[in-house]
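Working through the structure, step by step
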Amino acid sequence: MRVTGVSSESVWTGLSVSTTLPNPSTRPGLRLPGRVTLSAGGADVAVRHIRLGLVAQVEPEDPDAPHRLLQYHQVPIAGRFVVPAGRRRAVDFAMPLPWETPVTMFGGVPLMSLRTGLRTEVSVDPDLDQGAMVPVLVHPLPTQQHILAALDTLGFLMRQAGLQHGRLPGVEQALPLHQRLGFWVAPLYAGPITELEVIFVTNAAGLEVLLWMDRRLSLAGVTHQSISRFRVWHAGADRRDWVATVDGWLRQAIDRHAAAAAPADWSAMIRESAHVSRPPDEPVAPGYGLGGTAGGAGVGGGGGSDGT
C-alpha cells in the first residue's frame, strides 16, 4: 500500500486550517513531518496555540463500555501569533512518535481494523477547535516485523487486532494504552493452548514481548490462562534466527502454561511472569528500561536510525 501524501482541511469562523503529511508512512520512534496552513478571512485571527494529537479507537477497561476515540499522544507545535486578514501562515512540524505507537500496517496492508489519525487542535480566541484527522500509517519496527513474520512462518494466523485502554501492571509504559494481537494457534502448538495474544511494549533500546496463552476447556467451562514475558534488543535484529527465537519463546511459555496453576488475578500473572523475561542467549543491556529516549527508525521522512 503506497501513499505519497495526505491532507485534511477544516474551515472555522474566519479561519481555514489545512494539515498535510507528505508521507504518512512511518514507524514508532520516528519524526512525522508535515505542515499546518492557516488562512484568515476578512479579519485578523489571533491564534493561541496549535497542538497535534495521535488518536485511535480503543477498547475501554470496562468490557461492557463502548469503544471510543482516545487521544493518546499530544505535542505543541506553535504558540501565540496572528494570521492577518486575507493572509496565510504555514507552520512546519516534525512530530516525534512514541516508541509505543501502535502498529497499524503489516506487510504493506492495514492491520485488521486498526487505524491511527493525526488531529490538529487550533485554539483561536476565545474558542478551541479540533480539525479533521489525517490518517497515519504506522509500520512495525524491524524487531516487531521479524516477530510477526516468524509467527506467520510457524503457522499462526492473526484473527484480531485491537487497542486496550489502560496500563499493564508491572510493565513500564509511556502511553495510556497497549496493543493486543490475537492469533489462531498453529497446529504444531495446538493442544496445550487454544488462543495466543501477543503484546509489544517498545522503547529505544528494545522490545518486551508478552505472550498471553489461553486454553478453554469447553466441556468443563474452565479457562486456564498464563502470561510469559521475553525481552529482545533492536541491536543485531537482522542477525538473529527469528523463527528459532520465537519457537523457543513459545515452547518456554507453553511449558510454564502447562506446569503452573493460573492465578485468578491477571495482574499477578504479568508480575509473576517477569522471571522468564529473557531467553538463555539474551544478554542484559546496561541501562535498559521501558522508558528510554527516542532515536528513530525510518519509513517516512523522519530522521535518525532504528538502533539496529
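Our structure is the block above this text.
The structure displayed is predicted, hence computed values, not measured ones.

Rules behind the numbers
Residues numbered from 1 in each chain as written. Predicted model: local features only at pLDDT ≥ 70, side-chain atom pairs only at ≥ 80, totals over all residues. Heavy atoms only, no water. Phe/Tyr/Trp six-rings, centres within 6.5 Å; stacked < 30°, edge-to-face > 60°. Helix = DSSP H or I, 4+ residues; strand = E, 2+ residues; numbered from the N terminus. Buried < 20%, exposed > 50% of the residue type's maximum accessible area, 1.4 Å probe, protein only. Lys NZ or Arg CZ within 6 Å of the ring centre and 35° of its normal. Salt bridge = Lys/Arg side-chain N within 4 Å of Asp/Glu carboxyl O.

1. Notes on the packing of aromatic side chains
- All chains considered together, the criterion is met by three aromatic pairs.
- Plain terms: the ring middles of Phe-156 and Phe-183 are 6.5 Å apart, the flat faces sit at 90° to each other, and that makes the pair edge-to-face. With Phe-156 in the loop between helix H1 (142-153) and strand S13 (157-165) and Phe-183 in strand S14 (residues 177-184), the pair connects residues that are 27 residues apart, well separated along the chain. Residues Phe-156 and Phe-183 agree in their burial class; the two are buried.
- One aromatic cluster is present, formed by Phe-156, Phe-183 and Tyr-189 through successive ring pairs.
- Directly above the aromatic system of Trp-184 lies the positively charged group of Arg-159, at a separation of 5.5 Å from the ring centroid.
- Above the ring of Trp-242, the side-chain terminus of Arg-240 is found at 5.3 Å from the ring centroid.

2. A look at the pattern of salt bridges
- Enumeration according to the criterion identifies seven salt bridges in this entry.
- Close ionic contact of Arg-180 with Glu-197 constitutes a salt bridge, the shortest N to O distance being 3.7 Å. Residue Arg-180 is located in strand S14, and its partner Glu-197 is located in strand S15 (residues 195-202); the two are separated by 17 residues in the primary sequence.
- A residue is classified by how much of its surface remains accessible, and Glu-197, at 16% relative accessible area, is buried.
- Its salt-bridge partner being Arg-231, residue Glu-208 comes within 3.8 Å of it at the nearest N-O pair. Within this pair, whereas Glu-208 is found in strand S16 (residues 206-217), its partner Arg-231 is found in strand S17 (residues 222-233), the two being separated by 23 residues in sequence. For the residue pair Glu-208 and Arg-231, the accessibility class agrees, reading buried in each case.
- Each of Glu-208, Arg-229 and Arg-231 takes part in one network of salt bridges that share partners.

From the geometry alone we can't say anything about function, so treat these as descriptive.
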